[in-house]
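What follows is the residue order along each chain.
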There are 2 protein chains.
Amino acid sequence: MKKYEEKTIKTEKIFEGKVIKLQVDDVQLPNGKKSKRELIKHPGAVAVIPITDEKKIIFVEQYRKPLEKSIIEIPAGKLECGESPEITAIRELEEETGYTAKTLTKLTSFYTSPGFADELMHIYLATDLQKLDQPPALDEDEFIDILELTLDEAKQYVKNERIHDAKTNYAVLYLELQELL
Amino acid sequence: MKKYEEKTIKTEKIFEGKVIKLQVDDVQLPNGKKSKRELIKHPGAVAVIPITDEKKIIFVEQYRKPLEKSIIEIPAGKLECGESPEITAIRELEEETGYTAKTLTKLTSFYTSPGFADELMHIYLATDLQKLDQPPALDEDEFIDILELTLDEAKQYVKNERIHDAKTNYAVLYLELQELL
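Within an unreviewed UniProt entry, the label attached to chain A reads ADP-ribose pyrophosphatase, and the organism entered is Ornithinibacillus bavariensis. Per UniProt, the comment on chain A under Cofactor (unreviewed entry) is "Mg(2+)". Quoted verbatim from the Sequence similarities (unreviewed entry) field of the UniProt record, the comment on chain A reads "Belongs to the Nudix hydrolase family."

We now examine the interface of chain A and chain B. On the chain B side, the residues contacting the 72 residues of chain A number 72 residues. In total, chain A and chain B occlude about 6600 Å² of area from one another, counting both sides; carbon and sulfur atoms represent 60% of this. Of all residues in chain A, K65, Y111 and F143 of chain A give up the largest surface area on contact with chain B, accounting jointly for 11% of the area buried on that side. Between the two partners, chain A and chain B, sit 4 salt bridges.

Further remarks concern the nonpolar core. Of all hydrophobic cores here, the largest spans 57 residues; its most connected members are I49 and F59 of chain A together with I49 and F59 of chain B. Residues contacting I49 of chain B, with those up to four places away along its chain left out, are I57, I74, L107, I123, Y124, L125, A126, A171 and L175 of chain B. In terms of nonpolar packing, the next biggest core, distinct from the first, is built from 14 residues, A117 of chain A together with F15, V24 and F116 of chain B among them.

With that out of the way, let us pick up the sheet that holds strand β3 (residues 34-41) of chain A. All names here are of chain A. Sheet architecture is open: 3 strands sit in the order β1-β2-β3, paired in antiparallel fashion. The sheet terminates laterally at β1 (7-16) and β3, the two strands that pair on one side only. Across this sheet, the average inter-strand angle for adjacent strands is 20 degrees, counted without regard to direction. Taken together, the 8 bridges between β1 and strand β2 (residues 21-28) define a ladder with antiparallel strand orientation. Directly across from T8, in β2, lies its bridge partner V27.

Next up on the list: the domain arrangement of chain A. Residue and element names in this part refer to chain A. The assigned domain composition of chain A is domain 1 (7-41) and domain 2 (46-178). Between domain 1 and domain 2, the C-alpha centre-to-centre distance is 31 Å. Listed by partner, the interface residues are 6 residues for domain 1 and 4 residues for domain 2. Summed over both partners, the interface of domain 1 with domain 2 comes to about 380 Å²; 50% of that surface belongs to carbon and sulfur atoms. The three residues of domain 1 that bury the most area against domain 2 are V19, I40 and K41, which together make up 71% of that side's buried surface. Summed over the shared surface of domain 1 and domain 2, the result is 0 salt bridges.

In regular strands, side chains alternate between the two faces of the sheet. Residues and elements named next belong to chain B. As paired strands, strand β2 (residues 21-28) and strand β3 (residues 34-41) are joined by 8 bridges and run antiparallel to one another. Note on β3: the bridge partner recorded for D26 is K36. Adjacent in sequence and paired antiparallel, β2 and β3 are bridged by 5 residues, among which G32 carries a positive phi angle near 90 degrees.

Before going further, it helps to spend a moment on unusual backbone geometry. Its identity is not glycine, yet E179 of chain A carries a phi of approximately 50 degrees, on the positive side. Residues other than glycine seldom take positive phi values, yet E161 of chain B does so here, at roughly 65 degrees. Relative to the assigned elements, E161 of chain B resides in the loop between α2 (151-159) and α3 (166-177). Note on E161 of chain B: relative accessible area 29%, which makes it partly exposed.

Moving on, we come to the relation of the copies chain A and chain B. Note on the identical chains: chain A maps onto chain B by a rotation of 180 degrees and an axial translation of 0.0 Å, with an RMSD of 0.0 Å. When the rotation and shift are considered jointly, the pair of chain copies conforms to a two-fold rotation axis. Counting the interface residues of chain A, we find that 100% of their copies in chain B are interface residues as well, pointing to one common contact surface.

Buried within helix α2 (residues 151-159) of chain A are the following residues: L151, A154, K155, Y157 and V158 of chain A. The buried residues of α2 of chain A occupy an angular sector of 155 degrees when the element is viewed end-on, so they sit on one face. Turning to α2 of chain A, the residues buried within the fold contact β5 (57-64), β6 (69-73), β10 (144-149) and α3 (166-177) of chain A together with α3 of chain B. Phi turns positive, to about 65 degrees, at E161 of chain A, one or two residues after α2 of chain A.

All names here are of chain B. Read from one edge to the other, the open sheet built from 3 strands follows the order β1-β2-β3, with strand pairing classed as antiparallel. Unpaired on one side and paired on the other, β1 (7-16) and β3 mark the two borders of the sheet. Direction aside, neighbouring strands of the sheet carry axes that sit 20 degrees apart on average.

Under the definition given, this model contains 30 salt bridges over all chains. Of the charged contacts, one joins K3 of chain B and D145 of chain A as a salt bridge, the two residues approaching to 2.4 Å between their closest N and O atoms. Of this pair, K3 of chain B sits in the segment before β1 while D145 of chain A sits in strand β10, which puts the two residues in different chains. One salt bridge connects K155 of chain B with E176 of chain B, and the closest N-O pair in it is separated by 3.0 Å. Taken together, the residues span a long stretch of sequence, with K155 of chain B in helix α2 and E176 of chain B in helix α3 at a distance of 21 residues. Among the charged side chains, a salt-bridge network with shared partners connects K78, E80, E83, R91, E92 and E95 of chain B.

Each value, and the rule that gives it
Residues numbered from 1 in each chain as written. Chains lettered and ligands numbered in written order. Predicted model: local features only at pLDDT ≥ 70, side-chain atom pairs only at ≥ 80, totals over all residues. Heavy atoms only, no water. UniProt positions renumbered as here; feature names shortened; annotations may be inferred. Contact = heavy atoms within 4.5 Å. Buried area = accessible area lost by both parts, 1.4 Å probe. Salt bridge = Lys/Arg side-chain N within 4 Å of Asp/Glu carboxyl O. Core = buried A, V, L, I, M, F, W, Y, C linked by side-chain atoms within 4.5 Å. Buried < 20%, exposed > 50% of the residue type's maximum accessible area, 1.4 Å probe, protein only. Pairing = 2+ DSSP bridges. Helix = DSSP H or I, 4+ residues; strand = E, 2+ residues; numbered from the N terminus. Axes fitted to C-alpha atoms, helices over the stretch in contact; angles between N-to-C directions. Domains from an automatic or database assignment. Least-squares fit on C-alpha atoms with pLDDT ≥ 70 in both. Arc of directions from axis to C-beta.

So this is what it looks like as structure tokens:
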């Protein structure tokens, strides 16, 4: 939907990194006036809800430099150029948890921060898990612990903010909404 | 929690805008190796779930330049320097919906994109709403429509991805989780 469209007059590219790009757009507003928008371009990301045969959800705990602390999340990673989200999902699952999945089901997608970034997050359900004898190595700058929680435990973590990450909170409540676990 | 902490060796400030700042940090990893992190600094934001006396949730629809389209969200805005989240919540509610709230209840907080940004989103419930005779003007670069949905309607919007914004999806499911509506 293009309602109240803001037409781009000029784009100034500020930064192009390994993960994100930053640009500032001069835009024309619906009333003809002008404004500026600071925009982050992101390749998009995939998150996986891995469910074990014992009906537990596998989470990962890792240090997040932007927050200067470790937090609990579902396994996730950014899309690599030209890669399908399913391939990313399986790769991140294997690297971060040591499991692979015989069944991968697309659940939903959402924008994480539409006020300043275009990141679209795809959520997959991973079931029929199998422990890998030789899981692929993590990226060399990744350090991760895993933990397994029942849905009820995970809901408690959400309620008391021990889990407080958009994709993870939403994934836990989405499982409940759709009665997937 | 500081597990697997990444110590900052050097910070390169790339951009300082009206909404976001961008920096690249050289970090020392837990194994002693070095890496780079691209980080967005954001002042944090507030989102409000306004509930009318008829038990409907008020949403806003607005154009989001990063996505190049209009999407449906709960009212929200970034924290202004030195401003308490409660003041931001009431201001955004009044500007975006034309209502004020006699009762404002903090529900929860979460990070929107911890992989690259420090944005922390605070969610408030606004009840005992009163229509303002003379609502404050929107920011001059904001253009917004409002719509009211029951919780069941909102859950349908979430299921079929007509609502696909992290804070909004989470807010709708959180209302259900906590039986707030």
